[in-house]
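Here is what each chain is made of, one letter per residue.
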Amino acid sequence: MDPALIGFGILALFALATLLSGLYTVDTAQAAVVQRFGKFVKVGNPGLNFKFPWLEQVAGRVNLRVQQFRVEVETKTLDNVFVKVMVSVQYQVIQAKVYAAFYRLQSPGDQITSYVFDSVRSNVPKMNLDDVFEKKDDVADAVKRELTAVMDDFGYAIIKALVTDVDPDPKVKSAMNDINAAQREQVASQARGEAEKILKVKQAEAEAESKALQGQGIANQRKAIIEGLKQSIEAFSAAVEGTTAKDVMMLVLVTQYLDTIKEIGAQDKTNTLFMSHSPSAMGDLFHQMQDAVLIGQKAAAAG
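What counts, and where the lines are drawn
- Along each chain, residues carry numbers from 1 onward, in the same order as the chain's sequence is written.
- Given that the model is predicted, a residue must reach a pLDDT of at least 70 before its local features are reported, and side-chain atom pairs must reach 80 or more before they are shown or counted; all residues, however, enter totals for whole chains, interfaces and linings.
- Side-chain metrics in this entry use all non-hydrogen atoms of the structure; hydrogen atoms and water are not considered.
- Only strands that DSSP links by at least two bridges are regarded as paired with each other.
- Helix and strand definitions here come from DSSP, where helices need a minimum of 4 consecutive H or I residues and strands a minimum of 2 consecutive E residues; each element is numbered from the N-terminal end.
- For helices, the axis comes from a line fit to the C-alpha atoms of the stretch in contact; other axes are also lines fit to C-alpha atoms, and the angle between any two N-to-C directions lies between 0 and 180 degrees.
- Stacked, tilted and edge-to-face pairs are distinguished by plane angle, under 30 degrees for stacked and over 60 for edge-to-face with tilted covering the rest, among Phe, Tyr and Trp rings (Trp via its six-membered ring) whose centres lie within 6.5 Å.
- The buried label goes to any residue with under 20% of its type's maximum accessible area, the exposed label to any with over 50%, and the partly exposed label to all in between, with areas taken from a 1.4 Å probe on protein chains only.
- Residue contacts are defined here by distance: any two heavy atoms, one from each residue, within 4.5 Å place the two residues in contact.
- Here, patches come from residues exposed beyond 30% relative accessible area and free of salt bridges, joined within 9 Å for like charges and within 5 Å for nonpolar side chains (Val, Leu, Ile, Met, Phe, Trp, Tyr).
- Per-residue and other accessible areas follow the Shrake-Rupley method at a 1.4 Å probe size, with only the shown protein chains counted as cover for residues.
- Salt bridge criterion: a side-chain nitrogen from Lys or Arg within 4 Å of a carboxyl oxygen from Asp or Glu.
- Among the buried residues, those of types Ala, Val, Leu, Ile, Met, Phe, Trp, Tyr and Cys that are joined through side-chain atoms within 4.5 Å form a nonpolar core.

Asker: Can you help me understand the sheet that holds strand S3 (residues 39-44) in this one?
Answerer: As a general point, the strands of a sheet are linked pairwise by backbone hydrogen bonds and lie either parallel or antiparallel. Strand order in the open sheet formed by 3 strands is S3-S2-S5, with antiparallel pairing between adjacent strands. Among the strands making up the open sheet, the edge pair consists of S3 and strand S5 (56-63). Strand after strand, the sheet turns through a mean of 30 degrees between neighbouring axes, direction not considered.

What follows is the structure in C-alpha cells.
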C-alpha cells in the first residue's frame, strides 16, 4: 500500500476527529459554560454548538429550570412560643447571568438557607403565635424580598417564597386545642341555654292560653248550670202551686248532695268518709250559701 495514501487517511481521520471534538449539544432548559485554558469564553445555548477543538472545553452545565429549596427554621415568637417554620423557596438561574451563577456562587442552597434563617428570625419574633398563622404570607413576602435583593447579584431569580407550615411545640398545640374546645363548648352552652329559654317561654305561653281556655270553659259551664237551674225553678214553681224559689233551691241542693254521696261511694278507692247527714245539716249548708250570696251582692252594691 502506498505510504502517501496511508498518511492521507490518517490525516483525514485526525481532521474528522478534530471537527467532531468541536461539536457539542446542550439540552433544553440548560446552558453550557465553555472555557479555553481555564478561562471563560462563552455560554452554549440549547441545541448543537461548536467550540474550538482541543483548546476549548465544556466546563459545566447550568440548569435553567425552576427549582425548589426547602428550609426549616426554628425560632421564637413575641409571646415566647418556640415554633418551626417551613419555608419553600422557588428559584431559577437568570439566563443572561449564567456566568455569575456558575462562577460566583458555589452552593446556592447554602446561601438561600442562610438568608431564609436571617429573614424568618428577624420577622417572626415580632409577632404573637396567632399572628404568625394569620400573617404567614407577610413572612413569605419578607423572605422573597430579601432573597431577591441578594441572589440577583449571583445570577438567581427568586420566583416565589412560601411559608408552607408553622409547627409550634406539641404542648402549645395541645393547649391551643383545649382553648378551642372550651370556646366551642361555651358557644354550644349558650345555644342550649337560648333553646331552653325559648322552650320555657313557649310552654308558659301555652299554659297561659290553656288556663284562659279552661277558665272560659268553667265560666260557660257555670252559666249553663245557672240557666238550667233557672228553668227548673220556673218549671217547678209553675207545676206545684205555693212553692217558692227557696223551696226549689233546697230541693235541688238536696238532690245534688245525694248525687255527690252516690258518686263518692261508687269509686273503688274511696276511703271511709265521715260527714254530717242530718236534715239540719242541709239547712245549715243552704243558709251558708244564701248568706254568701247576700254578702256578695251587698259588697257589689257598695262598690
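Asker: Sorry if this is basic, but what is going on with the packing of aromatic side chains here?
Answerer: Given two aromatic rings, their pairing is described by the distance between the two centres and the angle made by the two planes. The tally for this structure, following the rule as stated, stands at 5 aromatic pairs. Ring geometry for phenylalanine 40 and tyrosine 103: centres 5.9 Å apart, planes at 80 degrees, overall edge-to-face. Taken together, the positions of phenylalanine 40 in strand S3 and tyrosine 103 in helix H2 (residues 98-103) put the pair 63 residues apart, joining distant regions of the chain. Of the residues examined, tyrosine 103 reaches a relative accessible area of 32% and is grouped as partly exposed. Aromatic side chains tyrosine 99 and tyrosine 103 sit 4.9 Å apart centroid to centroid with 40 degrees between the ring planes, which places their arrangement in the tilted category. With tyrosine 99 and tyrosine 103 both in helix H2, this residue pair falls 4 residues apart, about one helical turn. Of the residues examined, tyrosine 99 reaches a relative accessible area of 45% and is grouped as partly exposed. Taken together, the aromatic side chains of Phe40, Tyr99, Phe102 and Tyr103 make up a single cluster linked through ring pairs.

Asker: Got a minute to help me understand the sheet that holds strand S6 (residues 67-76) in this structure?
Answerer: The strand order across the open sheet built from 3 strands is S6-S7-S8, with neighbouring strands paired in antiparallel fashion. Taken across any chain shown, the strands that pair with only one partner, and hence form the sheet edges, are S6 and strand S8 (156-168). Geometrically, the sheet is characterised by an average inter-axis angle of 20 degrees between neighbouring strands, direction not taken into account. Strand direction decides the pairing type here: strand S7 (residues 82-93) and S8, joined by 11 bridges, are antiparallel. Looking at S8, one finds that glutamine 90 is bridged to lysine 160. Contacts from helix H3 (residues 108-123) reach S6, S7 and S8 within the one sheet, and its direction differs from that of S6 by about 35 degrees.

Asker: Explain the pairing of S7 to me, please; I cannot follow it from the model alone.
Answerer: A regular strand places its side chains on the two faces of the sheet in alternate fashion. Bridge count for S6 against S7 is 10 bridges, and the pairing is antiparallel. Looking across to S7, one finds that glutamine 68 is bridged to glutamine 90.

Asker: I'm lost on a nonpolar patch on the surface in this one. Help?
Answerer: A contiguous nonpolar surface patch, about 720 Å² in accessible area, is contributed by Leu11, Phe14, Phe37, Phe52, Trp54 and Leu55. Along the polypeptide, tryptophan 54 turns up in the loop between strand S4 (47-50) and S5.

Asker: Looking at this structure, how should I read the nonpolar core?
Answerer: The nonpolar side chains of soluble globular proteins are, as a tendency, buried together. Formed by 35 residues in total, the largest nonpolar core has its most connected members in Val87, Val116, Val120, Leu147, Met151 and Tyr156. Residue assignment for this core shows that the elements contributing at least two residues are strand S2 (30-36), S6, S7, H2, H3, helix H4 (129-134), helix H5 (136-151) and S8. Excluding residues that lie within four positions of it along the chain, valine 120 makes contacts with Val73, Thr75, Val85, Val87, Pro125, Val139 and Val143.

Asker: Would you mind showing me how to read unusual backbone geometry here?
Answerer: Excluding glycine, residues mostly carry a negative phi; peptide bonds, for their part, are mostly trans. Located in the positive-phi region is phenylalanine 37, a residue other than glycine, with phi close to 55 degrees. Looking at where phenylalanine 37 falls in the secondary structure, it is placed in the loop between S2 and S3.

Asker: What is the right way to read the pairing of S3 from this model?
Answerer: Inspection of the sheet shows S2 paired to S3 by 5 bridges, in the antiparallel sense. Bridged to alanine 32 within S3 is glycine 44. Between S2 and the antiparallel strand that follows it, S3, lie 2 residues; phenylalanine 37 among them carries a positive phi value of about 55 degrees.

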